[in-house]
Amino acid sequence: MPDAHQPYEKSIALVGLMGAGKSTIGRRLARRLGLPFYDADAEIEAAAGLSVAEIFERHGEAHFREGERRVIARLIDGPPRVIATGGGAFVDSGTRALILSRCTAIWLDGPVATLAERAARRGGRPLLAGGDPVAVIERLAETRNPVYAQAHLRIESDAHAVDRIVAALGLR
Ligand code: S3P
């Protein structure tokens with residue numbers, strides 16, 4: 001059985017709503033497993049030379065999703081790593097198919113109020129712009145949770161999330 005000091009053979013993709021802690025938990029998980037960490041949104045921004053908000057504003061969401069699909073495909077093509085995906089990535093059927101076939105997909109979930117509170121802390125999230133974070137997250141949870149449920153694992157996004165992921169993967 002592999003242990004936490006051996007590289008994991010597949011990439012791990014963290015999926016879930018804004019504020020689920022995909023980047024924070026992803027970074028900790030990567031450190032624990034000795035894998036590199038990539039934040040898909042940051043990679044998209046680097047490739048485009050624009051922030052996520054600017055891409056939405058200038059080119060629209062559909063354009064962002066195409067770029068997101070390409071960037072995630074490139075990340076998955078590399079050696080095993082931990083990838084934090086943006087909240088909508090797994091909802092795109094093409095990106096989802098890619099993630100499910102090539103990665104271990106982990107849905108980080110939590111109470112709407114917690115996700116909304118965390119998501120509102122950082123700006124630059126076009127889907128939250130001008131809206132009540134709780135209402136936005138609630139509405140997204142309704143439509144997206146059945147899709148996130150297709151991930152290989154669902155983990156409660158709290159202080160023990162990394163331990164639970166490592167245990168669920170059969171690592172130590
Ligand atoms: C989005 C989530 C964001 C970012 C973009 C769209 C979404 O990522 O990709 O603003 O559709 O839920 P985070 O989940 O990291 O906030």
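Residues numbered from 1 in each chain as written. Predicted model: local features only at pLDDT ≥ 70, side-chain atom pairs only at ≥ 80, totals over all residues. Heavy atoms only, no water.

Some points on the overall build of the protein
What counts, and what does not: Starting at the N terminus, helices and strands are each numbered in turn, a helix being any DSSP run of H or I of at least four residues and a strand any DSSP run of E of at least two. Put simply, the radius of gyration uses C-alpha atoms, and a globule should come to 2.2 Å times the residue count raised to 0.38. Categorising residues by exposure relies on relative accessible area from a 1.4 Å probe, with only protein chains included: less than 20% of the type maximum marks a residue as buried, more than 50% marks it as exposed, and the intermediate range marks it as partly exposed. Residue contacts are defined here by distance: any two heavy atoms, one from each residue, within 4.5 Å place the two residues in contact. Only the protein chains shown count as cover for residues, and all accessible areas are computed by the Shrake-Rupley method using a 1.4 Å probe.
Helices and strands together make up the secondary structure of the protein, namely eight helices and five strands. What you see in the protein, going N to C, is helices and strands ordered as β-α-β-α-α-α-β-α-β-α-α-β-α. Relative to a compact globule of 172 residues, whose C-alpha radius of gyration would be 16 Å, the protein shows 15 Å and is just as compact. With the principal axes as the frame, the protein shows a C-alpha extent of 50 × 30 × 25 Å. Across the 172 residues of the protein, 47% fall into the buried class. When contacts within the protein are restricted to residue pairs at least 6 apart in sequence, those whose partners lie at least 24 apart make up 73%. Within the structure as shown, the protein displays about 8300 Å² of accessible surface, and the carbon and sulfur contribution to it stands at 52%.

Topic: helix α2 (residues 40–48)
Note the threshold: Counting of polar contacts relies on pairs of N or O atoms within 3.5 Å, with two restrictions inside protein: one atom must be capable of donating a hydrogen and the other of accepting it, and residues adjacent in sequence are counted only when both atoms are side-chain atoms.
N-capping of α2 is provided by Asp-39, with a side-chain oxygen placed 3.0 Å from the backbone N of Asp-41. Gly-49, located one to two residues past α2, shows a positive phi value of around 70°.

Observations concerning the nonpolar core
Applied cut-off: Think of a nonpolar core as a cluster: buried Ala, Val, Leu, Ile, Met, Phe, Trp, Tyr and Cys residues, connected wherever their side-chain atoms sit within 4.5 Å.
Grouped together as the largest cluster of nonpolar side chains are 54 residues, with contacts concentrated most on Ile-12, Leu-29, Val-82, Phe-90, Ile-99 and Ile-165. A per-element tally of this core places helix α7 (residues 133–148) first, with six residues. Not counting chain neighbours up to four residues away, the residues in contact with Ile-165 comprise Leu-14, Ile-25, Leu-29, Ile-106, Leu-108 and Ile-155.

Quick notes on the site of the ligand
The condition that has to hold: Definition of nearness: a residue and a molecule or strand are near each other if at least one heavy atom of the residue lies within 4 Å of the molecule or strand. Of the grid points, spaced at 1 Å and generated over the protein atoms alone, those admitting a 1.4 Å probe that cannot get out make up cavities, while open sets with protein on both sides within 12 Å along at least five of seven lines make up pockets; any residue with an atom within 4 Å of a point is treated as lining. Pocket or cavity membership: a molecule qualifies when more than half of its atoms sit within 2 Å of the grid points of that site.
Taken together, 14 residues surround the ligand, and among them Lys-22, Asp-41, Arg-65, Arg-125 and Arg-144 come closest. Within the backbone of Gly-87, an N or O atom sits 2.8 Å from an oxygen atom of the ligand. At 2.7 Å, a side-chain N or O of Arg-125 approaches an oxygen atom of the ligand. Most atoms of the ligand, that is more than half of them, are within 2 Å of grid points of the largest pocket.

Brief notes about the confidence of the model for the protein
Note the cut-off: As a per-residue measure, pLDDT reflects the predictor's confidence and takes values from 0 up to 100.
Within the protein, residue pLDDT values average 94, and 95% of them lie at 70 or more. Residue range residues 1–5 is modelled with pLDDT below 50. Its contacts to residues more than four positions away, or to other chains, number 10 contacts.

Some points on the pairing of strand β4 (residues 103–109)
Selection criterion: Being paired, for any two strands, means DSSP has found at least two bridges between them.
Taking burial as the measure, the seven residues of β4 include seven buried ones, the bulk of the element. Because side chains alternate across β4, one face comprises the buried residues Cys-103, Ala-105, Trp-107 and Asp-109, and the other comprises Thr-104, Ile-106 and Leu-108, equally buried. Bridge count for strand β1 (residues 11–15) against β4 is five bridges, and the pairing is parallel. Opposite Leu-14, over in β4, you have Ile-106 as the bridge partner. Sheet topology places β4 next to strand β5 (residues 153–156); four bridges connect them, and they run parallel. If you follow Leu-108 over to β5, its bridge partner there is Ile-155.

A closer look at the sheet that holds strand β2 (residues 37–39)
The criterion, for reference: The convention used is that axes are lines fitted to C-alpha atoms, helices contributing only their stretch in contact, and that angles between N-to-C directions extend from 0 to 180 degrees.
The five strands lie next to each other as β2-β3-β1-β4-β5, forming an open sheet whose pairing is parallel. Edge positions in the open sheet fall to β2 and β5, since each of these has one partner strand only. Taking the axes of each pair of neighbouring strands and ignoring which way they run, one obtains an average angle of 25° across the sheet. In this sheet, strand β3 (residues 82–84) lies alongside β2 in parallel orientation, the contact comprising three bridges. Across the sheet, Tyr-38 pairs through a bridge with Ile-83, a residue of β3. Seen against the sheet, helix α5 (residues 93–102) touches β1 and β4 and runs at an angle of roughly 115° to β4.

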